[in-house]
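Below, each chain spelled out in residue letters.
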Amino acid sequence: MDLLSIKDPSFLKKMTNAQLEALSEEIRTFLIEQLSKTGGHIGPNLGVVELTIALHKEFNSPKDKLLWDVGHQSYVHKILTGRACQFDTLRQYKGLCGFPKMIESKHDVWETGHSSTSLSAAMGMAIARDLKKEKSYIVPIIGDGALTGGMALEALNHIGHEKKDMIVVLNDNEMSIAPNVGALHSILGRMRTAGKYNYVKDELEVLLKKIPAVGGKLAQTAERVKDSLKYLVVSGMFFEELGFTYLGPVDGHNFEELSENLKYAKKTKGPVLLHVITKKGKGYDPAETDAVGTWHGTGPYKMETGDIIKELNAPPAWSALVSETVRRLAREDDRIVAITPAMPVGSKLLGFASEFPDRMFDVGIAEQHATTVAAGLATQGMKPFLAIYSTFLQRAYDQMLHDICRQNLNVFVGIDRAGLVGADGETHQGVFDISFLRSMPNLVLMMPKDENEGQHMVNTAIQYDDGPIAMRFPRGNGLGVKMDDELKTIPIGTWEVIREGNDAVILTFGTTIPMALEAAEAMAEKGIQVRVVNARFIKPLDEVMLSEIMSANLPILTIEEAVLQGGFGSAVLEFAEEQGYTQTYIKRMGIPDEFIEHGSVSKLLADIHLTTEAAIENLTKMTYKVTKKAY
Ligand SMILES: Cc1ncc(C[n+]2csc(CCOP(=O)(O)OP(=O)(O)O)c2C)c(N)n1
Ligand SMILES: CC(=O)[C@@H](O)[C@H](O)COP(=O)(O)O
Ligand SMILES: [Mg+2]
């Protein structure tokens, strides 16, 4: 069929399993072809083709609520809900979002991007449904990786207690981004091998009913067999003890099994957990045989060969620069322990893990736990390196504040993907960390201008033993600068003048330094000399340099690829007010008070006027206003 002609999923109701099989293959072919051009989360989506079709066939979205946990696996859902025609714009500026998005469709009933929220949201929807005495099925679909998130376990605990009608679909493909980890993963493993617990249990119950009530002995024995069977299969015990009816494991690529179990679940009172086994990347060999996590999310690739298209001779990725420098230092310093919350591939920690297998911990999608594990390590004299994306660090706000900063513990936090990340969009932009970290006492927060300064900052962080220290760095690759052979340390709280000038000053750091230098060069052509300062320590500020600048009454333009609210520019404003430099003309450039959607970073920056042209315009106004020189 023509996928582009699909308007809504109602067409599925009349289809036979054979027709559904054919549809699955068409959707797989479409995904493989489309994503070879745009990139995206190919592995997860190929794994849920049949499951998504079966769910939309069995339920009536949007009356029945399908919630996609993480949401990176919602492409098939988007195809079935009339958005196939938009896939050539996937994850692009003003194009189709890579995650559920209410503004795109009434079928997107819950927006995701961060993991493990679907069960809690589903519980809220179930409570509302019952209070309003409505009738609908609420069906969160959560992966085995997302199930390791603390929120998911909090929700299971509550749902099982309240016994709300709900059908939790556990999409178990044994993978998070990398192979899944944890004791829960082992339990799921036993479930996968234990076979169909429920059917045996049911058949046994039917048998029990047939046993004449003669000599209760036989009935007692049969009951004991049933109970011992249940304890043979941890699955039933684990989820059923939590208050769920456990169904499965079910083949998530078999329409007959899916339909049978979904119908059974619909008839079951109270919360049901349907355990579905799928294969991540199914139908595309490079993705299906991916044991590392390469095909979880990719850029464009050559469909025929499975070669992912990469920029030739690109400088090293920032994540590799940081993790490999930590690895280099770990050879001389056995205090160093690396921790990742389920991102060993994205954080480029596989090398560290191979060299120091007992000093690298992937804790699952558990940022709160990861952060406080780091705190615990530091109390024992170790030097933990917590590798965590800026956006996911949001999950560990209190662990940073209450556990690490308050106790002034020697933790090194590598804040990866700091700044706009582009294709993943508003749920993943790493632009809030400065605001939420800057108010935490004892914390040092820094950002290097390039990868050479980055390696020195990593060394500085490892050698720093006066409390918590965090270094933020962007997604993508470095600038390709020359690297020093010897690692140095940078005095904490010191900024660096990278361009002299006495008419105005730009204070900036990291990714916005090139823009600042371009603006300064343009101003020089107008006879205005702008000083550019690498304000590489966001906290503490370089108060000596700042006082000199403000005493000279130089106009100051701060520029940051982070939200203005409570950001670096705010810190400079606060300093001026506290120190009485009320005459200093300070203007801030940064990300405004809004969520930044998906798209190329350059287009997103242009949209919010975080550009060289805007800096030039500001500097011109500022210097005219202060110097009254007509230029
Ligand atoms: C809070 C949070 N931490 C980390 C991530 C990064 N992440 C995205 S998908 C994923 C793995 C999800 O595994 P699973 O739920 O099993 O889904 P699958 O990809 O296997 O379909 C991770 C760690 C995230 N989206 N949210
Ligand atoms: C869906 C999700 O949260 C991750 O897959 C994320 O998209 C990874 O981001 P990077 O591609 O920057 O590693
Ligand atoms: Mg998984």
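Just so you know, these numbers come straight off a predicted model, no measurement behind them. (Residues numbered from 1 in each chain as written. Chains lettered and ligands numbered in written order. Predicted model: local features only at pLDDT ≥ 70, side-chain atom pairs only at ≥ 80, totals over all residues. Heavy atoms only, no water.)

## Focus on the UniProt feature "binding site: thiamine diphosphate" (unreviewed entry) in the protein
When the UniProt feature table is mapped onto this chain, "binding site: thiamine diphosphate" (unreviewed entry) is found at His72, Gly113, His114, Ser115, Gly145, Ala146, Asn173, Tyr284 and Glu367. A stretch of 296 residues holds the annotated residues, and the largest C-alpha distance among them is 31.5 Å, long enough that they do not meet in one place. Position of His72 relative to the elements: it lies in the loop between strand S1 (65-68) and helix H4 (75-83). Setting aside residues no more than four positions away along its own chain, His72 makes contact with His41, Pro44, Asn45, Gly98, Phe99 and His296. Relative to the assigned elements, Glu367 resides in helix H15 (residues 367-379). On the basis of relative accessible area, Glu367 is assigned to the buried category, the value being 6%. Leaving out residues up to four positions away in the same chain, Glu367 has contacts with Pro341, Ile388, Phe392, Arg395 and Ala396. (UniProt positions renumbered as here; feature names shortened; annotations may be inferred. Helix = DSSP H or I, 4+ residues; strand = E, 2+ residues; numbered from the N terminus. Contact = heavy atoms within 4.5 Å. Buried < 20%, exposed > 50% of the residue type's maximum accessible area, 1.4 Å probe, protein only.)

## Comments concerning the nonpolar core
Of all hydrophobic cores here, the largest spans 80 residues; its most connected members are Phe352, Phe412, Leu437, Trp495, Leu507, Leu546 and Phe568. Take this core: its biggest share by element is 6 residues, from helix H13 (residues 318-330). Counting contributing residues per domain, this core is built from domain 2 (318-472) and domain 3 (496-627), each supplying no fewer than three. In this structure, Leu507 is in contact with Trp495, Val533, Leu546, Ile549, Ile556, Leu557, Thr558, Ile559, Phe568 and Val572, ignoring residues within four places of it in sequence. In this structure, Ile6, Leu35, Ala54 and Ala84 belong to the second largest nonpolar core, which totals 48 residues. (Core = buried A, V, L, I, M, F, W, Y, C linked by side-chain atoms within 4.5 Å. Domains from an automatic or database assignment.)

## Here's the deal with the site of ligand 1
Lining the immediate surroundings of ligand 1 are 23 residues, of which His72, Gly113, Gly145, Lys280 and Glu367 lie closest. Within the backbone of Gly145, a nitrogen or oxygen atom sits 2.7 Å from an oxygen atom of ligand 1. Interatomic distance of 2.9 Å between a backbone N/O atom of Met175 and an oxygen atom of ligand 1. With the chains in place, 98% of the 580 Å² that ligand 1 exposes on its own is no longer accessible. Considered class by class, the residues forming the shell around ligand 1 number 9 nonpolar, 10 polar and 4 charged. Three or more residues apiece are contributed to the shell around ligand 1 by two domains, here domain 1 (16-197 + 234-291) and domain 2 (318-472). (Near = heavy atom within 4 Å. Polar contact = N/O pair within 3.5 Å; in protein donor to acceptor, adjacent residues only side chain to side chain. Areas by Shrake-Rupley, 256 points an atom, 1.4 Å probe, with all protein chains shown as cover. Nonpolar A, V, L, I, M, F, W, Y, C, P; charged D, E, K, R; others polar.)

## A short note on the sheet that holds strand S17 (residues 537-539)
An order of S9-S8-S10-S11-S13-S12-S17 is seen for the 7 strands of this open sheet, with the pairing classed as mixed. Two strands close off the open sheet at either side, each with one partner strand: strand S9 (360-362) and S17. Within this sheet the neighbouring strands show an average axis-to-axis angle of 20°, counted without direction. Judged from the 3 bridges that link them, strand S8 (residues 336-340) and S9 form a sheet pairing that is parallel. Bridge pairing in S9 places Ile339 opposite Phe361. Seen against the sheet, H15 touches S8 and strand S10 (383-389) and runs at an angle of roughly 165° to S10. (Pairing = 2+ DSSP bridges. Axes fitted to C-alpha atoms, helices over the stretch in contact; angles between N-to-C directions.)

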